[in-house]
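# Survey of secondary and tertiary structure
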Amino acid sequence: MALGVRAAPFTYVAHALAVAAAAMVLVWAIHFRGGLAIEATNKNLIFNVHPVLMLIGYIIIGSEAIMVYKVFPTLHHDTAKLIHLILHGIALVLGAVGIYFAFKNHNESGIANLYSLHSWIGIGTITLYGIQWIFGFVTFFFPGAAPNLRKSLLPWHILFGLFVYILALANAELGFLEKLTFLESGGLDKYGTEAFLVNFTALVVVLFGASVVISAITPARLEEPQGYAPIPES
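Note that the structure is a prediction, hence the values are computed from the model and not measured.

### Let's talk about the UniProt feature "domain: Cytochrome b561" (unreviewed entry) in the protein
- As recorded in UniProt, the sites labelled "domain: Cytochrome b561" (unreviewed entry) are residues 13-217.
- Within residues 13-217, the helical portion is 83% and the strand portion 0%, while the C-alpha atoms at the span's ends are 15 Å from each other.

This is the structure:
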């Protein structure tokens, strides 16, 4: 579906919102929640690594991978493809590490694992992300499918990738809601500064995700077809 606009303005908005979201989640984790720790007697500090890695490492870096073709439209296709692959790989690894810290916090705090919709969708999303990465690597990078096959598979690769990305965004919203609900049930002021910070962070993430998706489905140049980039014949 052609929108009649270029992707560039949406990438600018996305980057501004990414900086805002990253700063807000760090302020939340460090200022309001006490900081980050790999090992600590206060297990909440271990959990704090989870939202930071999932937002900055998983969603934001994954978003950069999606937008690379639109941020650098004149970049050689093979170079852009390699950057796309590497950034998605980094996002996948950091997302898996972020999930590990959630499990670590639960296990060391005596909290049950995988009891919430957020955790179920989270495991499903990271699994689909991994499948998508492997598919992209084998089909478009190494050993690589035939050019005609790559052309026919590219729209499905984009569609499935955006589906997984939107699912990750939705699950991030569930995560913010779940954590804030727990905090408020424990006595956190529902109209306090921290509660507003969490809610506004979630809103920024929604707007950020929307700008990334729009940049992905709009062309870098108005005369170009939709999609990340054309697949060369050779």
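### Points about the UniProt feature "transmembrane region" (unreviewed entry) in the protein
- The residues that UniProt annotates with the feature "transmembrane region" (unreviewed entry) are residues 12-32, 52-72, 84-103, 115-142, 154-176 and 196-217.
- Across residues 115-142, helical content stands at 89% and strand content at 0%; the span's end C-alpha atoms are separated by 38 Å.
- Annotated as residues 196-217, this span is 100% helix and 0% strand, and its ends, taken at the C-alpha atoms, are 32 Å apart.

### Points about the packing of aromatic side chains
- Using the criterion set out here, one finds seven aromatic pairs in the structure.
- Residues W28 and F176 carry aromatic rings whose centres are separated by 6.1 Å and whose planes lie at 45° to one another, so their mutual orientation is tilted. Note that W28 is positioned in helix α1 (residues 8-32) and F176 in helix α6 (residues 147-185), a separation of 148 residues in sequence. The pair formed by W28 and F176 is uniform in burial state, with each residue classed as buried.
- An angle of 35° between the planes, with centres 6.3 Å apart, marks the rings of F160 and F163 as tilted. One end of the pair is F160 and the other is F163, both in helix α6 and three residues apart, which spans about a single turn.
- Three or more aromatic residues joined by ring pairs make a cluster, and in this case those are W133, F137 and F141.

### With respect to the side chain of N171
- Positionally, N171 belongs in helix α6.
- When neighbours within four sequence positions are excluded, N171 is seen to be in contact with L117, H118, I121 and G122.

### Concerning the side chain of S211
- Relative to the assigned elements, S211 resides in helix α7 (residues 193-217).
- The class for S211 is buried, based on a relative accessible area of 6%.
- Not counting residues within four places of it along the chain, the set of residues in contact with S211 comprises F10, V13, A14 and L17.

### Here we look at the layout of surface pockets
- In this model, the largest pocket occupies a volume close to 820 Å³.
- As for the largest pocket, its lining consists of 37 residues, and the residues nearest its centre are F47, H50, A102, H118 and E178.
- Secondary structure elements with two or more residues in the lining of the largest pocket: α1, α2 (43-47), α3 (49-71), α4 (77-109), α5 (117-141) and α6.
- With nine residues, α6 is the single largest residue contributor to the lining of the largest pocket.
- Looking at side-chain class alone, the lining of the largest pocket contains 20 nonpolar, 14 polar and three charged residues.

Scoring rules and cut-offs
Residues numbered from 1 in each chain as written. Predicted model: local features only at pLDDT ≥ 70, side-chain atom pairs only at ≥ 80, totals over all residues. Heavy atoms only, no water. UniProt positions renumbered as here; feature names shortened; annotations may be inferred. Helix = DSSP H or I, 4+ residues; strand = E, 2+ residues; numbered from the N terminus. Phe/Tyr/Trp six-rings, centres within 6.5 Å; stacked < 30°, edge-to-face > 60°. Buried < 20%, exposed > 50% of the residue type's maximum accessible area, 1.4 Å probe, protein only. Contact = heavy atoms within 4.5 Å. 1 Å grid on protein atoms, 1.4 Å probe; cavity = no way out; pocket = protein on both sides within 12 Å on 5 of 7 lines; lining within 4 Å. Points joined across faces, edges and corners; volume = space filled by probe spheres on them. Nonpolar A, V, L, I, M, F, W, Y, C, P; charged D, E, K, R; others polar.

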